[in-house]
Amino acid sequence: MFKNKKAIIFFAVFIVLFRFFYKQNSELTTSTYDVNDPQIPKSFTNYKIISISDLHNKSFGKHNIKLLNKIKRLAPNIIVVTGDLINAYHPDKTIALDFIKEASKIAPIYFINGNHEARMKNYEVFETELRNSNAVILNNKSIKIKHISDYINLLGLADPAQYYTDNTNLVLASQLDYLLNPINPVKFTLLLSHRPEFMPIYADRPINLVLSGHAHGGQFRVPFLGGLFAPNQGYFPKYSAGKYTESETTMIVSRGLGPSSFPTRLNNKPDLVQVILHPEQN
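Keep in mind the model is a prediction, meaning the values are calculated, not measured. (Residues numbered from 1 in each chain as written. Predicted model: local features only at pLDDT ≥ 70, side-chain atom pairs only at ≥ 80, totals over all residues. Heavy atoms only, no water.)

(A) Summary view of the nonpolar core. Counting 29 residues, the largest nonpolar core has Ile-52, Leu-67, Leu-85, Phe-99 and Leu-130 as its most contacted members. Per element, the largest residue contribution to this core is five residues, and it comes from helix H3 (residues 93-103). Dropping the residues within four chain positions of it, Leu-67 is found in contact with Leu-28, Leu-55, Phe-60, Phe-99, Leu-257 and Leu-272. Listed in part, the 23 residues of the second largest apolar core include Val-35, Ile-112, Ile-252 and Leu-277. (Core = buried A, V, L, I, M, F, W, Y, C linked by side-chain atoms within 4.5 Å. Buried < 20%, exposed > 50% of the residue type's maximum accessible area, 1.4 Å probe, protein only. Helix = DSSP H or I, 4+ residues; strand = E, 2+ residues; numbered from the N terminus. Contact = heavy atoms within 4.5 Å.)

(B) Spatial organisation of the packing of aromatic side chains. Following the criterion strictly, the structure yields three aromatic pairs and no others. When the ring of Phe-44 is compared with that of Tyr-47, the centres are 4.7 Å apart and the planes differ by 50 degrees; the resulting orientation is tilted. Seen in terms of ring centroids, Tyr-239 and Tyr-244 are 5.3 Å apart; in terms of plane orientation they differ by 80 degrees. Their pairing is edge-to-face. For Tyr-239, a relative accessible area of 4% translates into the label buried. A cation over an aromatic ring shows up here: Lys-58 above the ring of Phe-60, its NZ or CZ 5.2 Å from the ring centre. When the ring centre of Tyr-151 is taken as origin, the NZ or CZ atom of Lys-187, which lies over that ring, is 4.9 Å away. (Phe/Tyr/Trp six-rings, centres within 6.5 Å; stacked < 30°, edge-to-face > 60°. Lys NZ or Arg CZ within 6 Å of the ring centre and 35° of its normal.)

(C) Molecular detail of the sheet that holds strand S15 (residues 249-253). Sheet architecture is open: six strands sit in the order S6-S7-S8-S9-S15-S14, paired in mixed fashion. Of all the strands in the sheet, just strand S6 (141-147) and strand S14 (242-246) have a single pairing partner and so form its edges. Strand-to-strand twist in this sheet, taken as the mean axis angle between neighbours without regard to direction, amounts to 20 degrees. The pairing of S14 with S15 spans five bridges and is classified as antiparallel. Following the sheet pairing, Gly-242 is matched in S15 by Val-253. Across the face of the sheet, helix H6 (residues 168-180) comes into contact with S6, strand S7 (150-156) and strand S8 (189-192) while running at roughly 155 degrees to S7. (Pairing = 2+ DSSP bridges. Axes fitted to C-alpha atoms, helices over the stretch in contact; angles between N-to-C directions.)

(D) A look at the packing of helix H2 (residues 65-74) against H3. For the pair H2 and H3, interaxial distance at closest approach is 11 Å and the crossing angle is 25 degrees. As summarised for this structure, H2 and H3 are arranged roughly parallel, according to the angle between their axes. In the packing of H2 onto H3, the handedness of the crossing is right-handed. Of the residues in H3, those in contact with Leu-67, Leu-68 and Ile-71 of H2 are Phe-99, Glu-102 and Ala-103. (Parallel < 35°, antiparallel > 145°, perpendicular 65-115°, else oblique. Left-handed = near helix turned anticlockwise from the far one by under 90°.)

(E) The arrangement of the sheet that holds strand S2 (residues 47-52) in detail. A sheet is described by the order of its strands in space; here six strands give the open sequence S1-S16-S2-S3-S4-S5, paired in mixed fashion. What marks the edges here is a single partner per strand, and that holds for strand S1 (29-37) and strand S5 (135-137). On average, each strand axis in the sheet is tilted by 25 degrees relative to the strand beside it, whichever way the strands run. Sheet topology places S2 next to strand S16 (residues 271-279); five bridges connect them, and they run antiparallel. From the neighbouring strand, Ile-49 faces S16, where its bridge partner is Val-275.

(F) Main features of the side chain of Asn-115. Within the secondary structure, Asn-115 is located in helix H4 (residues 115-119). Given the relative accessible area of 8%, Asn-115 is considered buried. Side chain to side chain, Asn-115 and His-214 meet in a polar contact 3.2 Å long. (Polar contact = N/O pair within 3.5 Å; in protein donor to acceptor, adjacent residues only side chain to side chain.)

(G) Representation of H2 within the structure. When H2 is considered as a whole, its buried residues turn out to be Leu-67, Leu-68, Lys-70, Ile-71 and Leu-74. Considered in projection along H2, the buried side chains sweep an arc of 160 degrees and stay on one side of the axis. Pointing more than 90 degrees away from the buried face of H2 are the exposed residues Lys-66, Lys-72 and Arg-73. Where H2 is buried, its residues contact S1, S2, strand S3 (78-82), H3 and S16. Phi turns positive, to about 55 degrees, at Ala-75, one or two residues after H2. (Arc of directions from axis to C-beta.)

Set out below in structure tokens:
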């Protein structure tokens, strides 16, 4: 009888823990951020941007139907992908490409690579497949996003994983200056960059808003302390999730959607980021 009680208690605890960790890793949340800036054109009032980061091959329901339905309900003007759609250690391009193909039916998609794409074999083939799935590739490119009667600048930085050295900051800063050189500085400028740890470089330039990921929300989030660990930032990272402002630059860091190489998230549910633009009167 005593052994049966122990078995029942053990089983009950197992079920509770399984359900808890399942929700921690599979229950989609939406983080909404309002961005107020006088350089946002009036025609972009309430303009919605969905930011997808660090999906890492994860599927929310069959063919990512839960994620796609949530995006559709939010009715974005554009969708941006700030890297790591795939997991380079266990690449499954099918999940990533199917998601892009279906998401592009909701809104135009703009993509930059993350460190996982930068390190994958035959990345050029994957990039071609992304284009064929209706994604606009913005690795080290800039474009104008037009809406009604005006436009904003949209820039994308390729991930520096392939040249990560002691001189990475200098190379990345130089690349960013090259992208900014032909840009009209009066216009609102949005940068897509996978890595939040380079915020001082972004903030030192005429960039209004940065959308980023990579930090996975610190993987485990500790009450009152924030994220526990982030790649390239170490323990208790400065930029792990949420909204940061330095100088005239605001950065929004997604907690990411997938698990990457570490399989468990804690107090850090998958994060779909919605950004809403608002012109601010001078």
